[in-house]
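Report on the structure
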Amino acid sequence: MMAAIVNGGYRVRPYLNEAQGPELSDRLFGDQALEWVIKGLRTCVQKGPPAPTGTGHNAHIPGYDILGKTGTAQVASLEQTQGYSEIEDIPYNLRHHAWFVAGVMDRDTKIAICVLVEHGHQGSAVAAPLARDVIEFFYERNDDTQLLARLGEVQ
């Protein structure tokens, strides 16, 4: 869905051969709906003030127009995870999965990515910073050591 938003409301069929692609779907959103969704996704990543600080602020990169949405996929019932004072105390297999989807609107090559960290617990704290690192690496491609170090931390 993030790819469709970044592509102006159209799904693009993936292709490997440039002669065969891109194939666009019918437009999924009207202009007004797309504008509202983009505003909300942008607010998620913006750092305040003056804008509110969204849950995806850890994906913020100064000078980039990044859209984002955090998410958490519950693995165990709340009853199973109650009583732990710290997230780190929750048994690994009971920790929720951390999600973050992101899109970059203001570059010649627009991208959409999805980061899932199994048992990462919170998308805002774990998946959003990884998305930021992937976006920086994609556009800047200077040095992959920081990205590889972050990916190694998550395992």
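Per chain, the residues get numbers from 1 upward, laid out in the order the sequence is written. The predicted nature of this model means local features are confined to residues of pLDDT at least 70 and side-chain atom pairs, given and counted, to a pLDDT of 80 or more, with totals for whole chains, interfaces and linings taken over all residues. For side-chain calculations, the full set of non-hydrogen atoms in the structure is used, while hydrogens and water are omitted.

1. Comments concerning the packing of aromatic side chains
Counted only if it meets this: The rule is short: rings of Phe, Tyr and Trp, with Trp giving its six-membered ring, pair when the centres are within 6.5 Å, and they are stacked under 30 degrees, edge-to-face over 60, tilted in between. By definition, any uninterrupted DSSP run of H or I lasting at least four residues is a helix, any uninterrupted run of E lasting at least two residues is a strand, and each is numbered from the N terminus. Both a distance and an angle decide whether a charge sits over a ring: NZ of Lys or CZ of Arg must be within 6 Å of the ring centre and within 35 degrees of the ring normal.
In total, this model carries two aromatic pairs according to the counting rule given. Ring geometry for Tyr64 against Tyr139: centres 5.8 Å apart, planes inclined by 55°, an arrangement best described as tilted. Taken together, the residues Tyr64 in the loop between helix 2 (31-45) and strand 3 (66-73) and Tyr139 in helix 4 (residues 123-140) connect sequence positions 75 residues apart. Here Phe138 and Tyr139 contribute two aromatic rings whose centre-to-centre distance is 4.9 Å and whose plane-to-plane angle is 90°, an arrangement assigned as edge-to-face. Grouping aromatic residues by their ring pairs yields a cluster made of Tyr64, Phe138 and Tyr139. Above the ring of Tyr64, the side-chain terminus of Arg107 is found at 3.8 Å from the ring centroid.

2. Some points on the environment of Val115
Quick note on the threshold: Any pair of residues with heavy atoms lying within 4.5 Å of one another is described as a contacting pair.
With respect to the helices and strands, the residue Val115 is situated in strand 5 (residues 111-117). In this structure the C-alpha to C-alpha distance between Val115 and Val101, which are 14 residues apart in sequence, comes to 6.2 Å. Beyond its immediate stretch of four places on either side in the chain, Val115 contacts Ala98, Trp99, Phe100, Ala127, Leu130 and Ala131.

3. Section: the sheet that holds strand 3
Basically, it comes down to this: One requirement defines pairing of two strands: DSSP has to find at least two bridges between them. The axes are straight lines fitted to the C-alpha atoms, using for helices just the contacting stretch, and the angles between their N-to-C directions are given from 0 to 180°.
Pairing is antiparallel in the open sheet, where three strands are placed in the order 3-4-5. Each edge of the open sheet is held by one strand with a lone partner, namely strand 3 and strand 5. Sheet twist, expressed as the average angle between the axes of neighbouring strands with direction ignored, equals 10°. By the bridge criterion, seven bridges tie strand 4 (residues 97-104) to strand 5 in an arrangement that is antiparallel. Paired with Val101 across the strands is Cys114, a residue of strand 5. Set on the sheet, helix 2 makes contact with strand 3 and strand 4; between it and strand 3 the angle comes to about 75°.

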